[in-house]
Amino acid sequence: MNFEKPILVLSACLDLQPVRYNGQLVKDEFVLKLRDFCQVITVCPEVSIGLGVPREKIIVYVEDGIYKVSQPATGRDLTNELNDFAEKFIENLKEVDGFLLKSKSPSCGVSNTLVYKDSQGLFFHSKGKGLFAMKVLKTFPLVPVEDEGRLKNPSIKDHFLTRLFSLAHWRVFSKQVNSIKDLYEFHRRYKYLLMVHSQQMLRKMGKLLANYSKEQDLQKIVNEYGEMFKLALCKKPTVGSHINVMMHIFGHFSDFINQSEKRHFLNVLQKLREGKIPITVPREILRSWAYRFDDKYVLSQVYLNPYPQELE
Ligand code: SF4
């Protein structure tokens, strides 16, 4: 299966660049693997605003409800520099399918960044996000934004990768749509994937296509469909919705497999429900049945192959 290469913004320190405050390298095996499947744009907000390596630590603190950044050892307030850099960087990004940032960082952290009550970092306030990550999340609500720490959770990782590769597919596909038929074909291939994220959006998107008439501007429909597509994928699927969709797909094969195979599959779904195995296990079983019975419809469904299997 061919996948479009997503345009991924990556924290430079996750790209083995020696930009951390202490000059140490971060080696995350999964990120290094993912890099090979993406068009990577690296960024280090702290080095970009002129902080050297090594440098004194900076921290996030809240003052009157506003998140700020300071460097306690020098007493510098770096809030404006970091915010200005983030705005310019984002402005210059022409297209992007996702962000993978460094956890816990006062600039890049999407989770677990220590936030203080004071600019000296003496009094703990809460765990939150870095300043750069906050700007990214606010500007790109429909684009996946995660940090490498959160990706240790298999369901967050699956959701992130699914969105990343689906958005890349849409970015390339949406420029080549010549007729409503093309959109129908795209919609057909994403049926089960959309169903797992939001049945309501799946219906809405189907209606949008069904109501199209030749007098309408096709590009307008493409844009509308694209927004709905990205919005639908934002919603993290529940285990229950995965099981529901898998039972639908199972229905394609249930007349052809024996009782033991059926029992085994239902047991696997039960283990998924109990959180004992990841989604990739029953997906692999369905995939192998699709090959075995040469079910072209199921094989064409993105749900069974949402991203390169090397990343599972
Ligand atoms: S976390 Fe962000 S700001 Fe810190 S070193 Fe890495 S890329 Fe630079």
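See the structure shown above.
This is a predicted model, so every value here is computed, not measured.

Caption draft 1: Spotlight on the packing of aromatic side chains. If you walk through the whole model with that rule in mind, you get 22 aromatic pairs. Relative to Phe 229, the ring of Trp 170 has its centre 5.9 Å away and its plane inclined at 40°; by these criteria the two rings are tilted. Linking Trp 170 in helix α5 (residues 154–173) with Phe 229 in helix α9 (residues 218–234), this pair joins segments that are 59 residues apart in sequence. The exposure classification of Trp 170 matches that of Phe 229, with both residues buried. Aromatic side chains Phe 186 and Phe 229 sit 5.2 Å apart centroid to centroid with 70° between the ring planes, which places their arrangement in the edge-to-face category. Taken together, the positions of Phe 186 in helix α6 (residues 180–189) and Phe 229 in helix α9 put the pair 43 residues apart, joining distant regions of the chain. For Phe 186, a relative accessible area of 4% gives the class buried. Since its relative accessible area comes to 0%, Phe 229 is described here as buried. Here a set of aromatic residues connected by ring pairs shows up, and it is made of Trp 170, Phe 173, Phe 186, Tyr 190, Tyr 225 and Phe 229.

Caption draft 2: The sheet that holds strand β6 (residues 98–101), seen in detail. Spatial ordering of the open sheet is given by β2-β1-β6-β9, a layout of four strands whose pairing is parallel. Of all the strands in the sheet, the pair left with one neighbour each is β2 (39–43) and β9 (145–147). In this sheet, neighbouring strand axes are inclined to one another by 25° on average, regardless of whether the strands run parallel or antiparallel. Sheet topology places strand β1 (residues 7–11) next to β6; three bridges connect them, and they run parallel. From the neighbouring strand, Val 9 faces β6, where its bridge partner is Phe 99. Packing against the sheet, helix α4 (residues 131–139) makes contact with β2, β6 and β9, and its axis sits at approximately 165° to β6.

So, how was this worked out
Residues numbered from 1 in each chain as written. Predicted model: local features only at pLDDT ≥ 70, side-chain atom pairs only at ≥ 80, totals over all residues. Heavy atoms only, no water. Phe/Tyr/Trp six-rings, centres within 6.5 Å; stacked < 30°, edge-to-face > 60°. Helix = DSSP H or I, 4+ residues; strand = E, 2+ residues; numbered from the N terminus. Buried < 20%, exposed > 50% of the residue type's maximum accessible area, 1.4 Å probe, protein only. Pairing = 2+ DSSP bridges. Axes fitted to C-alpha atoms, helices over the stretch in contact; angles between N-to-C directions. Contact = heavy atoms within 4.5 Å.

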